Amino acid sequence: MTIISLDEAKSLVRQIAKSGGVALHPHCQIRMEERNVEMDDILYLLNWGEVRPNASDETGKRLLVSGTDIEGEPLRASITFL
């Protein structure tokens, strides 16, 4: 069950990224450090990446964003709407 449409979710992801209203889960922060990913890379991904449903999510609150970081390296993120 999706709470909002995919088009609405894409728009919301872009708005959140542009406003800087991104909160990182502690696991995400650890993985970013391990992979040398900066917050600017995450914001770039959220602004330009492909947003799609998370196939393993039954709540409709989680999405996957795939794309690249600022330097063109592949990057993915799982995002959750609270």
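Residues numbered from 1 in each chain as written. Predicted model: local features only at pLDDT ≥ 70, side-chain atom pairs only at ≥ 80, totals over all residues. Heavy atoms only, no water.

Asker: Please set out helix 3 (residues 39-48) residue by residue, giving values where relevant.
Answerer: By the burial criterion, the buried members of helix 3 are Asp-41, Ile-42, Leu-45, Leu-46 and Asn-47. In this structure, the buried side of helix 3 is in contact with helix 1 (6-19), helix 2 (26-35), strand 2 (62-68) and strand 3 (74-80). (Buried < 20%, exposed > 50% of the residue type's maximum accessible area, 1.4 Å probe, protein only. Helix = DSSP H or I, 4+ residues; strand = E, 2+ residues; numbered from the N terminus. Contact = heavy atoms within 4.5 Å.)

Asker: Could you give an account of the environment of Thr-59, naming the residues involved and the relevant values?
Answerer: Examined against the element boundaries, Thr-59 turns out to sit in the loop between strand 1 (50-53) and strand 2. Classification of Thr-59 as partly exposed rests on a relative accessible area of 41%. For the pair formed by Thr-59 and Leu-6, sequence separation is 53 residues and the distance between their alpha carbons is 14 Å.

Asker: How would you sum up helix 2? Please name residues and give values.
Answerer: Helical geometry note: an α-helix holds 3.6 residues per turn, so side chains three or four residues apart project in the same direction. Within helix 2, only one of the ten residues are buried, leaving the element largely exposed. Note on helix 2: the residue one or two positions beyond its end, Asn-36, has a positive phi of about 55°.

Asker: How would you summarise the side chain of Asn-54 if you had to cite specific residues and measurements?
Answerer: Mapping Asn-54 onto the fold places it in the loop between strand 1 and strand 2. In this structure, Asn-54 is in contact with Arg-62, Leu-63, Leu-64 and Ser-78, ignoring residues within four places of it in sequence.

Asker: Describe the nonpolar core, listing the residues and the values that go with them.
Answerer: With 15 residues, the main nonpolar core has Val-13, Ile-42, Leu-46, Leu-63, Val-65 and Ile-79 as its most contacted residues. At the level of secondary structure, the elements contributing two or more residues to this core comprise helix 1, helix 3, strand 2 and strand 3. Beyond its immediate stretch of four places on either side in the chain, Ile-42 contacts Met-32, Val-37 and Leu-75. (Core = buried A, V, L, I, M, F, W, Y, C linked by side-chain atoms within 4.5 Å.)

Asker: An account of a nonpolar patch on the surface is needed here, citing residue identities and associated values.
Answerer: A cluster of nonpolar residues, Tyr-44, Trp-48 and Ile-70, forms a patch on the protein surface that exposes about 360 Å² of accessible area. Along the chain, Trp-48 turns up in helix 3. Among the residues examined, Trp-48 registers a relative accessible area of 64% and is labelled exposed. (Patch = residues over 30% accessible without salt bridge, like charges linked within 9 Å, V, L, I, M, F, W, Y side chains within 5 Å. Areas by Shrake-Rupley, 256 points an atom, 1.4 Å probe, with all protein chains shown as cover. Salt bridge = Lys/Arg side-chain N within 4 Å of Asp/Glu carboxyl O.)

Asker: Any chance you could break down the pattern of salt bridges for me, citing the residues and the numbers?
Answerer: Any two side chains of opposite charge can pair, so long as their charged atoms come close to each other. Per the counting criterion, the structure on display carries one salt bridge. Among the salt bridges present, the one from Glu-34 reaches Arg-31, with a minimum N-O distance of 2.6 Å. With Glu-34 and Arg-31 both in helix 2 and three residues apart, this pair spans about one turn of that helix.

Asker: Could you give me a rundown of the packing of helix 1 against helix 3, with the residues and numbers involved?
Answerer: Where helix 1 meets helix 3, the axes come as close as 8 Å, and the angle between the chain directions of the two elements is 150°. Our classification of the angle between helix 1 and helix 3 gives roughly antiparallel. Regarding helix 1 and helix 3, the two cross each other, and that crossing is left-handed. In this structure, helix 1 uses Val-13, Arg-14, Ala-17 and Lys-18 to contact helix 3, whose residues at the interface are Leu-43, Leu-46, Asn-47 and Trp-48. Partitioned by chemical class, the residues of the contact of helix 1 with helix 3 number five nonpolar, one polar and two charged. (Axes fitted to C-alpha atoms, helices over the stretch in contact; angles between N-to-C directions. Parallel < 35°, antiparallel > 145°, perpendicular 65-115°, else oblique. Left-handed = near helix turned anticlockwise from the far one by under 90°. Nonpolar A, V, L, I, M, F, W, Y, C, P; charged D, E, K, R; others polar.)

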